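As a plain string of letters, each chain reads:
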Amino acid sequence: MMQLQPVERQTGWRLFWNTIWARAYPRLIGTFRERSWFFFEALLPVLSTVSYIYVYQAINAPEDYIGFVVIGGSMAAFWLNVLWSMGSQLYWDKDDGNLQLFVLSPAPLMAILLGMAIGGVIMTLSRALVIFVVCSLLFQVEYQTGSLWLLVIVFVVTMAALYGMGMMFSSVFLAAGREVWHFANLLQEPIYLVSGFMFPVKALGFWVASAASLIPLTLGLDAMRQLLFTSDPTIGFLPVGVEILILCVLAVFFIAGAAWMLAKLEEIGRRDGRLIERRR
Amino acid sequence: MTTSSAIEVQQLRRVYKLRGPKRKDAPRELVALESVDLEVKRGELFGLLGPNGAGKTTIIKILATLLLPTSGIARVEGLDVTQHVQAVRERISMVSGGETSGFGLLTIEENLWMFARFYGLDNATARQRIDALLKIVGIYERRTAKISDLSTGLRQKMNFIRGFISDPRVVFLDEPTLGLDVTAAREVRGFVKQWMSDHPERALLLTSHYMSEIDELCDRVAIVDTGKVLACDTPAALKKRLQREAVFQLKVSPIGPRPNREAMIEAVPGVRQVTVTEQDGYSELNLILEAEDALGGVLSHLNGRGSGLIALEKREPTLEDVFISIVGRRLDQDTTQREENGA
Amino acid sequence: MYQTMMNLPLVRRANWLRTFLNAAWLGWQIESNWADPFLFAVYSIARPIASVLILVVMYSVITNGATDQPIFAYIYLGNALYILVGQVVSGVSWTVISDREQYRTVRQLYTTPLDGYFYLMGRGVARLLVGIISLVITVGFGVLAFQLPISLQTVDWLLFTVTMVLGIISLAALGHVMGSITMMTARQIGSVGDAVAGALYLFSGAIFPLDLLPSVLRPIGLIFPATYWLELARRALLGPGYVGFETFAGFSNSHLLLILLVATLLLLVASIYTYRWAFNRARETGFFDMETNF
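Since we're looking at a predicted model, the values are computed, not measured.

A.B. asks: For this particular structure, what's the right way to read the overall build of chain A?
C.D. replies: In terms of helices and strands, chain A carries 12 helices and 0 strands. When the helices and strands of chain A are read in sequence order from the N terminus, they spell out α-α-α-α-α-α-α-α-α-α-α-α. The C-alpha radius of gyration computed for chain A amounts to 20 Å, which stays within 12% of the reference 19 Å derived for 280 residues, consistent with globular compactness. Counting only C-alpha atoms, chain A reaches 75 × 40 × 35 Å along its principal axes. Buried positions account for 56% of the 280 residues belonging to chain A.

This is the structure we're talking about:
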């Protein structure tokens, strides 16, 4: 046998960092290798977004509402990704036998989750951009780009909070087992409704909008609409600065919550012998 | 605790709480491990032999930090698996038979690279080791094949590489040749032997259904059944235990599926153990006798039941005979109920 | 053991009816957990009501809640009826994906002598029932909460029944086409069925009058039976109170019914051929065994 040399192993933050990118890799490469996403996750959402735009046209809504739908339709790609590719991913991983290999490796599970999230954001960004560009061109939506940096900040903190939530869902959904489908289904349309994907969330009234603000996309969408459209400054639920602040708090809360739940999950898994091992 | 131990297990016990089909049902308990004591030394290739549901996989899962023991002590390289989880994980790896791990869209080398990174290998080292191991295992030419396109044998070879890529100090192989064809299984065994000889300070714990695999590979073997270690020694020493006894294989005209046929033959004076398997057109008896002269009694008992002798062979005891003599049944007569319940 | 087996009754070969009934039973076992109050709330109440409320809020924001306008009933009923499209068309695709990747029973299933076409149809029955319950709840909610102008006395029940039967057959046929294509694709975030259901949402004029679509796109909707089914079902439910929009203004009920019938039959034939083609193709390419994960 060819002699194999003993290896030096990275630990600590270097292991954490490399694990993130190693886990993100399958998601990034998947974008190029399995191109059918372009049809399913970009062009088809364009069609449903366009349907909602026609509803506004059928009832003679002001022009800006078409832009609201374009933003909502694009950001919906992230919500679907969080539900179906973050929330249920550990469940699929368990089913495939990957989860127990992740657990028994020295890689921190939190880094694996972060890798899934970062891979997911980058992967979904391509889908969201296609929806955004195509719909904007089709309906000649006009945006104001005065606060571009603020817009980038809103997007980044929204993603941090949203994928933090997705990381937390991963543990919750895993514990729920096959019921995972039902949780994800429960959170699809009802969240489209309460988070105001197709209309300004303010329309739902203060209390509903406040409760819906727990879902990071609610405030993220609201802030983005306020920054991108000028015609009616009263559409915003809260001032953009306040929304950014709340999103930062949500990001910290969800990421810390995800780390706590993951540790808990591993503990329960090792105690009961069921949560992390493949069984059928 | 001596530093020469790679694995040390003392009075290890694991009880599963099993829920009934309905949520309201009170959980019942299943004892997967009664009280297991084991020691695997560095440089040792140690085998766990037992039927399905004996508790072998439970032992491995506890040692691999996937499962907590209910009580008792389990150490890997002197580290308690319940206390020093991270340190243990840095030293071990595990490969199970029939694994379907990995991501279908990745190629073999990408999948191995991902796991190598999880084990802290830097990029260059990971790629170097992947190439070297792919060549050793003989699948270098297939390195760009997607996981979803792999045959069972190829997939298991990839899993095998994954198990050794991180240069582990202790390796757990749980039925590693399950489902492999004869050639692939032989290659895997060859790799294991070579790895152990190249790394005399490492240890490998192997579970297998295949007696010959255990016999060929292992320095020592523990025979496990119903959550207990019933015997632990080198394969040679275990077989030597039976050398005072006579081991015969008989082919007789079919006895038929009568109840208690083994018990009736065992009632013949001088018979220690018997197993009967129905073959095409005859019955095969494996007999362990206290002395050769007990054979006459067995033949007349069979004659009395209308079953005539076709062939008779006296042979050296095998691990299978040892297993039957200790456990009281063949390895393939498993305790399926326990397996279903997770033992 | 062998003797025991010899005493078993002789196996009856599967035929299309038995396959259909067995698959319907299997589908029911898988789907019937919706009888659980929580799951019933998720699938039959929360999802459909949330989906229709999105449109209600959009409508109300612009019109200040003028739900007595004909366009409101048009949007509401179109969306409610569309529940069946999602359940049936996407349902068949998900059956293929879940059999292949979740339950991993595809290999076992397709090596039995069952008729795969009727197997998929049977599996869809349970989903159809779930969809019908959601439809009733959503329409009932609309009548109670938004005073949709539907009354049991004014509904054209004969037209409604014939329309629904043809509509459901056409959706099942479309579902089979999508299920067949799913046999040859990877698991995506959605299925091919979801995809086409999404596309139909636009082209069938489910939630806005087809007149709004650019004239070059309008013919796409006109080739699908679902477009005629939605129009006829609205007419039947709203009875004399129905106010039509430009595209179908010149079509009588019987005229639309005839188009629906012919389009359904054509789609049915197409679905049988697509299924056979896809089945052979999946065998050629080994897609039956595919598991996607990334």
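A.B. asks: Can you walk me through the overall build of chain B in this structure?
C.D. replies: Within chain B, the regular secondary structure consists of 12 helices and 14 strands. Counting only C-alpha atoms, chain B reaches 75 × 50 × 45 Å along its principal axes. Buried positions account for 45% of the 343 residues belonging to chain B. Within chain B, counting contacts between residues at least 6 apart in sequence, those at least 24 apart form 73% of the total.

A.B. asks: Please explain the domain arrangement of chain B as it appears in this structure.
C.D. replies: Note: interface size is frequently given as the accessible area lost on complex formation between the parts. Looking at the assigned domains, one finds that chain B contains domain 1 (5-239) and domain 2 (244-316). Computed over C-alpha atoms only, the centres of domain 1 of chain B and domain 2 of chain B are separated by 38 Å.

A.B. asks: Could you clarify how one ought to interpret the interface of chain A and chain C in this entry?
C.D. replies: Taken together, the 39 residues of chain A in the interface contact 34 residues of chain C. The set of elements that each furnish at least two residues to the side of chain A that touches chain C consists of α1 (12-33), α2 (37-58), α3 (63-87), α4 (89-96), α8 (180-186) and α9 (189-194) of chain A. A total of 14 residues in the side of chain A that touches chain C trace back to one element, the largest contributor, which is α2(A). Grouping the amino acids of the side of chain A that touches chain C by side-chain chemistry returns 24 nonpolar, 10 polar and 5 charged.

A.B. asks: Is there a simple way to explain the pairing of strand β6 (residues 92-96) of chain B in this structure?
C.D. replies: Residue and element names in this part refer to chain B. Counting buried positions along β6 gives 5 out of 5 residues, so the element sits mostly inside the fold. Every second residue of β6 is oriented toward a common face, with Ile-92, Met-94 and Ser-96 on one face and Ser-93 and Val-95 on the other, all of them buried. Direction of pairing for β6 relative to strand β7 (residues 170-174): parallel, over a ladder of 5 bridges. Of the residues in β7, the one forming a bridge with Met-94 is Phe-172.

A.B. asks: Help me understand the nonpolar core, please; the structure alone is not making it clear to me.
C.D. replies: In terms of nonpolar packing, the biggest core is built from 275 residues, with Val55(A), Tyr56(A), Ile7(B), Leu63(B), Leu205(B), Leu55(C) and Met58(C) touching the most fellow members. The dominant element in this core, judged by the number of residues it contributes, is helix α4 (residues 70-102) of chain C, at 16 residues. Here this core spans two domains, and each of domain 1 (5-239) and domain 2 (244-316) of chain B adds at least three residues to it. In this structure Leu63(B) touches Ile7(B), Ala74(B), Val76(B), Val81(B) and Phe172(B), once residues within four positions along its chain are discounted.

A.B. asks: Looking at this structure, I do not really get unusual backbone geometry. What am I missing?
C.D. replies: Most peptide bonds are trans, and most residues other than glycine sit at a negative phi. All names here are of chain B. One non-glycine residue with positive phi stands out, namely Gln-11, at about 45 degrees. Position of Gln-11 among the secondary structure elements: in strand β1 (residues 5-18). Residue Gln-11 is classed as partly exposed on the basis of its C-beta count, with 13 C-beta atoms lying within 10 Å. Positive phi values are uncommon outside glycine, yet Glu-175 reaches one of about 50 degrees. As for its placement among the helices and strands, Glu-175 is situated in the loop between β7 and α6 (182-198).

A.B. asks: Sorry, what's going on with the sheet that holds strand β2 (residues 28-41) of chain B here?
C.D. replies: Adjacent strands of a sheet form backbone hydrogen bonds with each other and so pair up, either parallel or antiparallel. Residues and elements named next belong to chain B. Strand order in the open sheet formed by 4 strands is β2-β1-β4-β5, and the pairing between neighbours is antiparallel. Each edge of the open sheet carries a strand with a single partner, namely β2 and β5 (79-80). Two strands pair when backbone bridges link them, and β1 and strand β4 (residues 71-76) are joined in this way by 5 bridges, in the antiparallel orientation. When the sheet's bridge partners are listed, Ile-7 is paired in β4 with Val-76.

A.B. asks: Would you take a moment to explain the confidence of the model for chain A for this structure?
C.D. replies: Should the pLDDT be low somewhere, the predicted coordinates at that spot are not to be read in detail. Looking at chain A, the pLDDT average stands at 88 and 95% of residues meet or exceed 70. The secondary structure element of chain A with the lowest average pLDDT is α8(A), at 77, and the one with the highest is helix α10 (residues 206-212) of chain A, at 95.

A.B. asks: Looking at this model, I keep getting lost on the sheet that holds strand β10 (residues 228-233) of chain B. Mind explaining?
C.D. replies: Residue and element names in this part refer to chain B. An order of β6-β7-β8-β3-β9-β10 is seen for the 6 strands of this open sheet, with the pairing classed as mixed. Single-partner strands in this sheet number two, and they are β6 and β10. Ignoring which end each strand starts from, the neighbouring axes of this sheet average 15 degrees apart. Relative to strand β9 (residues 220-225), strand β3 (residues 45-49) runs parallel, the two sharing 4 bridges. Pairing of Phe-46 across the sheet is with Arg-220, part of β9. Relative to β6, helix α5 (residues 152-165) is tilted by about 170 degrees, and along the sheet it contacts β6 and β7.

Conventions and cut-offs
- Residues numbered from 1 in each chain as written.
- Chains lettered and ligands numbered in written order.
- Predicted model: local features only at pLDDT ≥ 70, side-chain atom pairs only at ≥ 80, totals over all residues.
- Helix = DSSP H or I, 4+ residues; strand = E, 2+ residues; numbered from the N terminus.
- Rg over C-alpha atoms; globule rule 2.2 N^0.38 Å.
- Buried ≥ 20, exposed ≤ 12 C-beta atoms within 10 Å, placed from the backbone.
- Contact = placed C-beta atoms within 7 Å.
- Domains from an automatic or database assignment.
- Nonpolar A, V, L, I, M, F, W, Y, C, P; charged D, E, K, R; others polar.
- Pairing = 2+ DSSP bridges.
- Core = buried A, V, L, I, M, F, W, Y, C linked by C-beta atoms within 7 Å.
- pLDDT = per-residue confidence, 0-100.
- Axes fitted to C-alpha atoms, helices over the stretch in contact; angles between N-to-C directions.

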